[in-house]
Amino acid sequence: MALLPAPVSYAYAHAHRPVNANTLKYISLLTLTLQNAILGLSMRYARTRPGDIFLSSTAVLMAEFAKLITCLFLVFNEEGKDAQKFVRSLHKTIIANPMDTLKVCVPSLVYIVQNNLLYVSASHLDAATYQVTYQLKILTTAMFAVVILRRKLLNTQWGALLLLVMGIVMVQLAQTEGPSSGSAGGAAAAATAASSGGAPEQNRMLGLWAALGACFLSGFAGIYFEKILKGAEISVWMRNVQLSLLSIPFGLITCFVNDGSRIFDRGFFHGYDLFVWYLALLQAGGGLIVAVVVKYADNILKGFATSLAIIISCVASIYIFDFNLTLQFSFGAGLVIASIFLYGYDPAKSAPKSSMQGPGGDEEKLLPRV
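Here the structure is a predicted model, which is why all the values come from computation and not from measurement.

(A) The arrangement of the packing of helix α2 (residues 56–78) against helix α3 (residues 83–95) in detail. Close contact between α2 and α3 brings their axes to 9 Å; oriented N to C, the two are set at 120°. The orientation of α2 relative to α3 falls into the category oblique. Classified by chirality, the crossing of α3 by α2 is right-handed. Residues L72, V75 and F76 of α2 touch α3, and the partners they reach there are A83, F86 and L90.

See below:
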């Protein structure tokens, strides 16, 4: 008789699960969309506005500090807010298990370089072009998934990757045919900012190569991280503590190798204001938000979020950066959006019952496929 409450409570929870799951899915959609769109727009604005320009390497480092503090708090909360259990957990995971910690060195270094490249790209590409071009990470992620994880792609996914490349090529060509085809107003504003406050002079080719490098590193780091996480009984927050602890030394080295003379001349926080601090927090929180919501958002919802972010970036760029939306750019962006949906579509899971899946399947992966 004592065992009766358990099935009743399970049946009650199961009956109410679809409502909660649907609510979380819509929250996931909204959060992913805003995070994808606002970060790109904010980075572009921060790097092209008038006034003293901050050093992007220091902003990346501050984002890692913010992420570390946040994750330490979340781990402390996981351990029941018990300080002794919290310290023991950190010691057991990080210090007493050095080989596992060393495995995280690779993505730690890669993420630091990737985030610095994203700032370079945002400094030289308008927000809309940056947002579309960065979707090439789907191709690099798929490439490394095939090579490292021996994952087989569906025919529809190969077709999606072809559409993706075609769309990004069209977007880039639309921006190189002349000032009238791209964001001439945005480039002029950036040039004005450069002359008045030291913002980098616009170099579209440099921005493109930086975006391509970031896509390559994003694909490699994501798949490598997925590989080392398989079978590991470590929470997402503790893993992010490991990442940040190892990323901070790499970030410090990057600061002084790339910007050492400017740091000594002007100071570490030269050009910082509330907006730069907001940007660092946004960059730190973005990855953590995605880590939380990704298990509630299936591939179709992630496709919606990315597609809406591209549309928001294009519309916002017209008003904020005087971006000139051409037919060729629109068609290329449309191909990219179509490729995102096609890549996430799996015919084997398209049956109606797939929406009632339990916590297995996609939720077993701690990282998204894209």
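(B) Looking closely at the nonpolar core. Counting 60 residues, the largest nonpolar core has M43, F54, V132, V241, I310 and F329 as its most contacted members. Top element by residues in this core is α2. It accounts for seven residues. Beyond its immediate chain neighbours, meaning those up to four positions away, V132 contacts I168, V171, I310, F329, A333 and V336. The next biggest cluster of nonpolar side chains, apart from the first, holds ten residues, and it includes V104, Y111, F225 and L243.

(C) Up close: the packing of α2 against helix α5 (residues 105–124). Put simply, α2 and α5 touch, their axes get as near as 9 Å, and they point 130° apart. By the angle class used here, α2 and α5 are oblique. Along this stretch, α2 crosses α5, giving a crossing that reads as right-handed. Contact residues: S56, S57, A59, V60 and E64 in α2; I112, N115, N116 and Y119 in α5. Here the contact of α2 with α5 is built from residues that sort into four nonpolar, four polar and one charged.

(D) Structural context of the environment of I168. Relative to the helices and strands, I168 resides in helix α8 (residues 155–176). Assessed through its relative accessible area of 6%, I168 is described here as buried. Linking I168 and Q135, residues 33 residues apart in sequence, is a C-alpha distance of 8.4 Å. With residues near it in sequence (within four places) discarded, I168 still touches V132, T133, Q135, L136 and V336.

How each quantity is defined
- Residues numbered from 1 in each chain as written.
- Predicted model: local features only at pLDDT ≥ 70, side-chain atom pairs only at ≥ 80, totals over all residues.
- Heavy atoms only, no water.
- Axes fitted to C-alpha atoms, helices over the stretch in contact; angles between N-to-C directions.
- Helix = DSSP H or I, 4+ residues; strand = E, 2+ residues; numbered from the N terminus.
- Parallel < 35°, antiparallel > 145°, perpendicular 65-115°, else oblique.
- Left-handed = near helix turned anticlockwise from the far one by under 90°.
- Contact = heavy atoms within 4.5 Å.
- Core = buried A, V, L, I, M, F, W, Y, C linked by side-chain atoms within 4.5 Å.
- Buried < 20%, exposed > 50% of the residue type's maximum accessible area, 1.4 Å probe, protein only.
- Nonpolar A, V, L, I, M, F, W, Y, C, P; charged D, E, K, R; others polar.

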